[in-house]
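Commentary on secondary and tertiary structure
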Amino acid sequence: MAPQDKNTPPPLPEPLRVAVADSHTHLDMLPQLPLGGAPMGTVEEALAKAASVGVTTVVQVGCDLKGSQWAADTAAAYESVHATVALHPNEAPRIVLGDPDGWSRQGARGPGGDAALDEALAEIDRLAALPHVRGVGETGLDYFRTGPDGMAAQERSFRAHIEIAKRHDKALVIHDREAHEDVLRILREEGAPERTVFHCYSGDAEMAKTCAAAGYFMSFAGNVTFKNAQPLRDALAVAPPELVLVETDAPFLTPAPYRGRANAPYLIPVTLRAMADVKGMTEDTLATAVAANTARAFGY
């Protein structure tokens, strides 16, 4: 692929015959949708493009206070959008320890300590009570970006999000990066909410069996199509059809053959078709299951 192709949106895939939901997307991070400064028409365009290929519902996921408020507002404005709200696992240590490099979208910040984290969690709790907010997440653990110094803040935040999800009877959306054992342990210790979703499932087939036994949903993203992702395909192969979701995690994890370009909800059919191949199911059968699973997971 020539470098200039990276900025060319992938073409519209053939529409699905059975409508599905994108269970995890970040419309506020799409290249044409800068957070806060976007005319709402661009959200409409993204939703219309998705609906034109059979992706009629999206779950807009919050990662910080601004993004969670945006998710809640967007879900209130559009019937086809459901929101989740949270502090991302990498956001919690930045609140507590500071973010001098301004790595997140909040800009450079000094350390706020535990009091700042408590304040932020209280705001997530407030948003989680809203009827159009269907989940608490993405929360969890990320040992890829956060070193040992940030683990305590991550874990405290994760445990708080689990409590918030249970108290409001909302789905829990988990971000688990290189932290499988600790994520599963904390879910056991705290008691997982009735509906728990592993977003961008990244475990192996053994972990998929553990998740299935616990009744956790596993949401697969475009990286299931990558050449080096055989362990993910093995996990998908053993995941029960009634616990499988599909997502974009847009603008990230664009499915092959468009890897490297910006992802968007309209590319769900590419990933779903690859998933159907892995599971030996017809496209329509998998789409029917995924649509029902997503509605069940997020209570809409």
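Before any of the text, the structure's been laid out above.
1. Some details on the overall build of the protein
Looking only at helices and strands, the protein features ten helices and eight strands. If one aligns the C-alpha atoms of the protein with their principal axes, the spans along those axes are about 50 × 45 × 40 Å. The buried share of the protein, taken over its 300 residues, is 54%. The contacts in the protein between residues at least 6 apart in sequence include a share of 71% that link residues at least 24 apart. Total accessible area on the protein stands at roughly 12100 Å², and carbon and sulfur atoms take up 54% of it. When the 27 basic and 39 acidic side-chain charges of the protein are each reduced to a single mean position, those positions are 3 Å apart.

2. Structural notes on the pairing of strand β5 (residues 171-177)
Burial within β5 is extensive, with six of its seven residues counted as buried. Assessed by its sense of winding, the connection that carries the chain from strand β4 (residues 133-142) through helix α5 (residues 151-168) to β5 is right-handed. Sheet topology places β5 next to strand β6 (residues 196-198); three bridges connect them, and they run parallel. Paired with Val173 across the bridge in β6 is Val197.

3. A short note on the pattern of salt bridges
Tallied over the full model, the rule gives 16 salt bridges. Note that Arg159 and Glu190 form a salt bridge whose closest N and O atoms lie 2.6 Å from each other. One end of the pair, Arg159, is in helix α5; the other, Glu190, is in helix α6 (residues 180-190), and 31 residues separate them in sequence. When its relative accessible area of 29% is taken as the criterion, Glu190 is described as partly exposed. Here Glu206 ties to Lys209 by a salt bridge, and the two come within 3.3 Å at their closest N and O atoms.

4. Observations regarding the packing of aromatic side chains
What characterises a pair of aromatic rings is the spacing of the ring centres plus the angle enclosed by the ring planes. Tallied over the entire structure, the rule returns two aromatic pairs. A ring pair is formed by Tyr201 and Phe220, whose centres lie 5.4 Å apart and whose planes are at 45°; its orientation type is tilted. Here Phe220 lies in strand β7 (residues 217-220) and Tyr201 lies in the loop between β6 and α7 (205-214), a separation of 19 residues in the sequence. Considered together, Tyr201 and Phe220 belong to a single accessibility category, that of buried residues. Geometry around Phe226 places Arg259 over its ring, the cationic atom sitting 3.7 Å from the centre.

5. Concerning the pairing of strand β3 (residues 81-85)
The element β3 is extensively covered by neighbouring structure, given that five of its five residues are classed as buried. Neither face of β3 is exposed, since Val81, Ala83 and Val85 on one face and His82 and Thr84 on the opposite face are all buried. As defined by bridge partners, strand β2 (residues 55-61) adjoins β3 across four bridges and the pair is classed as parallel. Each residue of the ladder has a partner; that of Val59, found in β3, is His82.

6. Some points on the side chain of Asp142
Here Asp142 lies in strand β4. In this structure, Asp142 is buried with no salt-bridge partner, the nearest side chain bearing the opposite charge being Arg177 at 4.8 Å. A polar contact of 2.8 Å, which involves the side chain of Asp142, links it to the backbone nitrogen of Phe144. Not counting the four nearest positions on each side in its chain, Asp142 is found in contact with His88, Pro89, Asn90, Gln154, His175 and Arg177.

7. A closer look at the environment of Glu155
Its place among the elements puts Glu155 in helix α5. Judged by its relative accessible area of 24%, Glu155 is partly exposed. The spacing of Glu155 and Pro89 is 66 residues in sequence and 8.3 Å in space, taken between C-alpha atoms. Excluding residues within four positions of it along the chain, Glu155 makes contact with Leu141, Arg185 and Ile186. Within the structure, Glu155 has its side chain in polar contact with the side chain of Arg159 (distance 2.8 Å).

8. Observations regarding the sheet that holds β5
Backbone hydrogen bonds hold the strands of a sheet together, and the pairing may be parallel or antiparallel. Judged by pairing direction, the sheet is parallel, and its eight strands sit side by side in the order β1-β2-β3-β4-β5-β6-β7-β8 without closing on themselves. In this open sheet, the two strands that pair with only one neighbour each are β1 (20-25) and β8 (244-246). With strand direction ignored, the average angle separating the axes of adjacent strands in the sheet is 30°. The pairing of β3 with β4 spans three bridges and is classified as parallel. Bridge pairing in β4 places Val85 opposite Val136. Sheet strands in contact with helix α10 (residues 283-298) are β1, β2, β3, β4, β5, β6, β7 and β8, and its direction is about 95° off that of β8.

Rules used throughout
- Residues numbered from 1 in each chain as written.
- Predicted model: local features only at pLDDT ≥ 70, side-chain atom pairs only at ≥ 80, totals over all residues.
- Heavy atoms only, no water.
- Helix = DSSP H or I, 4+ residues; strand = E, 2+ residues; numbered from the N terminus.
- Buried < 20%, exposed > 50% of the residue type's maximum accessible area, 1.4 Å probe, protein only.
- Contact = heavy atoms within 4.5 Å.
- Areas by Shrake-Rupley, 256 points an atom, 1.4 Å probe, with all protein chains shown as cover.
- Lys, Arg positive; Asp, Glu negative; His and termini not counted.
- Charge placed at Lys NZ, Arg CZ, Asp CG, Glu CD.
- Right-handed = clockwise from strand over helix to strand, strands pointing away.
- Pairing = 2+ DSSP bridges.
- Salt bridge = Lys/Arg side-chain N within 4 Å of Asp/Glu carboxyl O.
- Phe/Tyr/Trp six-rings, centres within 6.5 Å; stacked < 30°, edge-to-face > 60°.
- Lys NZ or Arg CZ within 6 Å of the ring centre and 35° of its normal.
- Polar contact = N/O pair within 3.5 Å; in protein donor to acceptor, adjacent residues only side chain to side chain.
- Axes fitted to C-alpha atoms, helices over the stretch in contact; angles between N-to-C directions.

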